[in-house]
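Structure at a glance
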Amino acid sequence: MRFLLVTGLSGAGKTMATRYLEDMGAFCVDNLPPMMMLKFMEACQTSAMHCKLVALAVDVRSGEFFDAKAVSKLIQETRQLGYQIETLFIEAGDDVLVSRYKETRRDHPLAGENVTLMEAITQERERLQPLRETANYVIDTSNLRPKALQRKLQAIVSSDGEETPLRLEIMSFGFKRGLPRQADLVFDVRFLPNPFYIEGLGQHTGLDEDVRTFVMHHPVTEEFMTKVTDMLDFLLPHYQEEGKHRLVIAIGCTGGAHRSVAIAEAIGRDLKAKHYQVEVNHRDLDIEQALWKSAAEAAD
């Protein structure tokens, strides 16, 4: 029997995720107090239930009973006892969470008379960081449609549950919208020539061949790629030895649409070729393209 601990930020989509998991045949329990986890897992193992996957939603709603470090330690203890348990961490950007709470008009579990919504989100993110760092799976729902979330969850359900040594997320972003909080390694590529100012390239992105050629074939880019590849070849095996399950490598340029996208894609291809499990995401690409479209429509 497999156990999946579902946790993460309030408003990020944990409830939707558990509903989807239930539709996929999992036995789901929401808002389980952490101290009851082991007893509940024991009961599942000795019961006559035929579910292959049991999902346990655990988060800050448990109030004083919830401590991320204690939960992380409990997960390790249950594994030592022979239980097959993994952690799914669901998150979203601060602005997305604020918008969702305004739409639903619900109260954040940590918000109160003297705590604003933004303060509550910040506190929760800090409290949950120990769990995020040890998570087997991390899903950011900021720009994720329901069907895409279902596909990610289906991939988790369909897997055999065996831990992979290290999952890598390569993320492009724009510094003008801030550093990604979840990044473990950050590379600033604003020193590279900027195609935004080149006629015919400004409205294209790092996913387009002309921009990719402009960025990647520049001598300074080639030297940078050699150095960053050597660094990652050195670092990643050591992260694996330390038992890290997931590593987020963030590549930043000014807006997050040209240089960072091209470099993130190149690093992702290189690491996939070396048989790492890699996911490439572009945090700010859709936002930049929407701004370009709005500017063009205004000009017309």
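Keep in mind it's a predicted model, so treat the numbers as computed, not measured. (Residues numbered from 1 in each chain as written. Predicted model: local features only at pLDDT ≥ 70, side-chain atom pairs only at ≥ 80, totals over all residues. Heavy atoms only, no water.)

**Regarding the overall build of the protein chain**
Looking only at helices and strands, the protein chain features 10 helices and nine strands. Computed over the C-alpha atoms, the radius of gyration of the protein chain is 21 Å, within 12% of the 19 Å expected from 2.2 N^0.38 for a compact globule of 300 residues. Evaluated residue by residue, the protein chain yields a buried proportion of 47% over its 300 residues. In the protein chain, once contacts between residues fewer than 6 apart in sequence are set aside, the share between residues at least 24 apart is 80%. Accessible area of the protein chain: about 15400 Å², with a carbon and sulfur share of 52%. Looking at the protein chain, you have 35 positive and 44 negative side-chain charges, and the mean spots of the two groups are 3 Å apart. (Helix = DSSP H or I, 4+ residues; strand = E, 2+ residues; numbered from the N terminus. Rg over C-alpha atoms; globule rule 2.2 N^0.38 Å. Buried < 20%, exposed > 50% of the residue type's maximum accessible area, 1.4 Å probe, protein only. Contact = heavy atoms within 4.5 Å. Areas by Shrake-Rupley, 256 points an atom, 1.4 Å probe, with all protein chains shown as cover. Lys, Arg positive; Asp, Glu negative; His and termini not counted. Charge placed at Lys NZ, Arg CZ, Asp CG, Glu CD.)

**Digging into the environment of Gln 277**
Among the structural elements, Gln 277 can be located in strand 9 (residues 277–282). Considering only alpha carbons, one finds Gln 277 and Ala 68, 209 residues apart in sequence, at a separation of 26 Å.

**Some points on the sheet that holds strand 7 (residues 185–188)**
Within the open sheet, the four strands sit side by side as 7-8-6-9. Their pairing is parallel. Across the chains shown, the open sheet's two edge strands, defined by having one partner strand only, are strand 7 and strand 9. Taking each pair of neighbouring strands and ignoring which way they run, the sheet shows an average axis angle of 20°. Bridge count between strand 6 (residues 167–174) and strand 8 (residues 246–253): eight bridges; the pairing is parallel. Along strand 8, the bridge assignment pairs Gly 174 with Cys 253. Contacts from helix 8 (residues 219–241) reach strand 6, strand 7 and strand 8, with the element oriented near 175° to strand 7. (Pairing = 2+ DSSP bridges. Axes fitted to C-alpha atoms, helices over the stretch in contact; angles between N-to-C directions.)

**Thoughts on helix 10 (residues 285–299)**
Helix length check: helix 10, at 15 residues, gives a terminal C-alpha distance of 21 Å against a target of 21 Å (1.5 Å per residue), a fit within 8%. The set of residues buried in helix 10 consists of Leu 285, Glu 288 and Trp 292. Seen from one end, helix 10 has its buried residues packed into an arc of 70°, which puts them on one side. Opposite the buried face of helix 10, at more than 90 degrees from it, the exposed residues are Asp 286, Lys 293, Glu 297 and Ala 298. Structurally, helix 10 contributes buried residues whose contacts are with helix 9 (259–273) and strand 9. (Expected span 1.5 Å × (residues − 1). Arc of directions from axis to C-beta.)

**Here we look at the environment of Thr 134**
You can see Thr 134 is positioned in the loop between helix 5 (117–133) and strand 5 (137–140). The spatial distance from the C-alpha of Thr 134 to the C-alpha of Leu 192 is 34 Å, given a sequence separation of 58 residues. Looking at Thr 134, its side chain comes within polar contact range of the main-chain oxygen of Leu 131, at 3.2 Å. (Polar contact = N/O pair within 3.5 Å; in protein donor to acceptor, adjacent residues only side chain to side chain.)

**Points about the packing of aromatic side chains**
Each pair of aromatic rings is reported with the distance of its centres and the angle of its planes. What the rule picks out here adds up to six aromatic pairs. Each ring, one from Phe 27 and one from Phe 40, has its centre 6.4 Å from the other, and the planes form 15°; the classification is stacked. On the criterion of sequence distance, the pair formed by Phe 27 in strand 2 (residues 27–29) and Phe 40 in helix 2 (residues 37–46) is long-range, its members being 13 residues apart. With relative accessibility at 33%, the residue Phe 27 sits in the partly exposed group. For the ring pair Phe 187 and Phe 224, a centre distance of 6.4 Å and an interplane angle of 75° mean the geometry is edge-to-face. With a gap of 37 residues between them, Phe 187 in strand 7 and Phe 224 in helix 8 connect regions that are remote in the sequence. The residue whose ring lies beneath Arg 190 is Phe 175, and the NZ or CZ to ring-centre distance is 3.7 Å. (Phe/Tyr/Trp six-rings, centres within 6.5 Å; stacked < 30°, edge-to-face > 60°. Lys NZ or Arg CZ within 6 Å of the ring centre and 35° of its normal.)

**Notes on the sheet that holds strand 1 (residues 2–8)**
Pairing in this open sheet of five strands is parallel, and the strands run 2-3-1-4-5 from one edge to the other. Two strands lie at the open edges of the sheet, namely strand 2 and strand 5, each paired on one side alone. Here the strands of the sheet are splayed against their neighbours by 20° on average, with no regard to which way each runs. Of the pairings in the sheet, the one linking strand 1 to strand 4 (residues 84–91) comprises seven bridges and is parallel in character. Bridge pairing in strand 4 places Leu 5 opposite Thr 87. Here helix 3 (residues 68–80) sits on the sheet and contacts strand 1 and strand 4; the angle it forms with strand 4, its principal contact strand, is near 155°.

**Looking at unusual backbone geometry**
At Asn 31, a residue that is not glycine, the phi angle is positive and equals roughly 55°. One can find Asn 31 in the loop between strand 2 and helix 2. The phi angle at His 275 is positive, at roughly 75°, despite the residue not being glycine. Residue class for His 275 comes out exposed when judged on its relative accessible area of 76%.

**A short note on the confidence of the model for the protein chain**
Predicted confidence across the protein chain gives a mean pLDDT of 90, with 98% of residues reaching 70 or more. No element of the protein chain has a lower mean pLDDT than helix 10, which averages 84, and none a higher one than strand 7, which averages 97. (pLDDT = per-residue confidence, 0-100.)

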